[in-house]
Amino acid sequence: MEKIQSIRGMRSVLPEETPVWQWLENRIRNITSRYGYQEVRLPILEPVALFERAVGESTDIVSKEMYNFLDKSGEHITLRPEGTSGCVRTVIENNMCYNTTQRLWYQGPMFRYERPQKGRLRQFTQFGVETFGMPGADVDAELIFMVKDIFKALGVDKHVRLEINSLGTPEERSEHRQQLVNYFMQHKALLDEDSLRRLETNPLRILDSKNPDMQEMIEAAPRLLDFLGEESQQHFDDLRRLLDSENIAYVVNPRLVRGLDYYTRTVFEWITEELGSQGTVCGGGRYDGLVELFSGKQLPASGFAIGIERLLLLIQTLGLDKDIVNQPDIVVTYEDPAQNVEALLLANTLRHQLPQYKILNDFTSAKLKRQHSNALKSGCRYIVTLNRDGQVGLWDLAANTNETLTADTLANAFLNKTITAMA
Ligand code: ATP
Ligand code: MG
């Protein structure tokens, strides 16, 4: 029979991995909610046209990475490659910014037809945050404070660095673009194939080329930062001052441009050295021009997205995931296979009496010794054994004590015990 396998670049998250996922998700959600952000749940399928307009036809995402198809009524549909566009669509469609601002977050799978490698998947997970209606550097700073808090809560803050830049306004960018194209034309012989194509479509993107042969030439290219008008300069200075006052270290990287066309002014990335070339764990910035592109109305906006798989890789690389397991607190075993129903009911009674405990039944009908060794493997803290004579054994593995009790008094025996399972 032909073996059916998962699609390249897409994988299941296995039960031994989900505890660390949940731990990470809970911490991130806790922080975003303490900053006053609200969850929005967005569809996974969107019209192709949404991304063509928002992300831009010249980007890698739209030009070669989308999973597009026709649905049964002939509509052009796609699996979303990123979250910002759908979030913007939602805000406009539901008139969510009429006389008010929005602070939103979402999490879920994104799809890009890229070459799979470490830290680069075709289905990956983003945790995204978007704000609407706030034009200042203060909200940009708030986003960065929040990411910093997230990294601190996960214990990775010492292993990521923040890079910032300003992309100015479209007008400032177009002036820079002119000079940039002139400059690259003078050095055309040094441009690789990708860059030659970008020279026509998206010359700014040449700046973030990783090609070692082009680095020196790129380093000397005209800097967008030198083209900022007064307001953009002020915005950038304000942001830097706010970061300084919170002691958040950063580097200004004039070559940081981001892949998406809708950014204005602030852009930032958090990068780790621990993961090789897929080192960007979070990217974000301001995109004041995007909403207007859809609704004709101006609405300032800014946000970021964290790549969850990359963040998890970092956590694993640093060994921070070792103690995050999801073992039961109590395993209920039984001496006589005929006691299986009794054991089932005993465990259920315990669950109702001890709502803090995770309780698991052994249903294998194996010899008691085997049941105990299974329980030990599970990492539980307590083993309860239903004896043939109707009495109940309570084995506290950490304290290494054994008690014999009646079923009625069992729950009471836990009242002065600790829940902490064994690591
Ligand atoms: P990269 O330069 O690494 O391709 P990007 O600029 O395409 O990233 P964004 O579109 O800004 O990335 O997405 C935000 C974050 O999502 C990235 O910083 C990264 O952590 C994560 N990410 C992007 N593409 C992938 C992917 N194919 N697999 C896993 N994570 C990804
Ligand atoms: Mg990419």
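Residues numbered from 1 in each chain as written. Chains lettered and ligands numbered in written order. Predicted model: local features only at pLDDT ≥ 70, side-chain atom pairs only at ≥ 80, totals over all residues. Heavy atoms only, no water.

Taking an unreviewed UniProt entry as the reference, the protein is identified by name as Histidine--tRNA ligase belonging to Morganella morganii. Quoted straight from UniProt, the Sequence similarities (unreviewed entry) entry for the protein says "Belongs to the class-II aminoacyl-tRNA synthetase family." Here the protein is described in UniProt, under the heading Subunit (unreviewed entry), as follows: "Homodimer." (UniProt positions renumbered as here; feature names shortened; annotations may be inferred.)

Chemist: Break down the site of ligand 1 for me, with residues and values.
Modeler: Ligand 1 sits among 14 residues. The nearest are Arg 112, Glu 114, Arg 120, Arg 258 and Thr 280. Take Gln 126: an N or O atom from its side chain is 3.0 Å from an oxygen atom of ligand 1. At 2.9 Å, a side-chain N or O of Arg 310 approaches an oxygen atom of ligand 1. Against a free-state accessible area of 580 Å², the protein chains account for coverage of 87% of ligand 1. Within the residue set of the shell around ligand 1, elements represented by two or more residues are β6 (123-132), β10 (280-286) and β11 (301-307). Take the shell around ligand 1: its biggest share by element is three residues, from β10. Classifying every residue of the shell around ligand 1 by side-chain character gives five nonpolar, four polar and five charged. (Near = heavy atom within 4 Å. Polar contact = N/O pair within 3.5 Å; in protein donor to acceptor, adjacent residues only side chain to side chain. Areas by Shrake-Rupley, 256 points an atom, 1.4 Å probe, with all protein chains shown as cover. Helix = DSSP H or I, 4+ residues; strand = E, 2+ residues; numbered from the N terminus. Nonpolar A, V, L, I, M, F, W, Y, C, P; charged D, E, K, R; others polar.)

Chemist: Mind laying out the packing of helix α6 (residues 170-186) against helix α7 (residues 193-201), listing which residues take part and the relevant values?
Modeler: Packing of α6 against α7 brings their axes to within 11 Å, and their N-to-C directions diverge by 145 degrees. Crossing geometry of α6 relative to α7 is assigned as left-handed. Counted together, Arg 177, Val 181, Phe 184 and Met 185 of α6 and Leu 199, Glu 200 and Thr 201 of α7 form the full contact between these two elements. Taken together, the residues of the contact of α6 with α7 sort by class into four nonpolar, one polar and two charged. (Axes fitted to C-alpha atoms, helices over the stretch in contact; angles between N-to-C directions. Left-handed = near helix turned anticlockwise from the far one by under 90°. Contact = heavy atoms within 4.5 Å.)

Chemist: Explain the sheet that holds strand β4 (residues 76-79) residue by residue, including any values.
Modeler: Taken in spatial order, the three strands make up an open sheet running β2-β4-β3, and their pairing is antiparallel. Either end of the sheet is taken by a strand with one partner, and the two such strands are β2 (45-47) and β3 (67-70). Averaged over all neighbouring strand pairs, the angle between strand axes comes to 35 degrees, with direction disregarded. Bridge count between β3 and β4: four bridges; the pairing is antiparallel. Within the sheet, the bridge partner assigned to Leu 70 lies in β4 and is His 76. (Pairing = 2+ DSSP bridges.)

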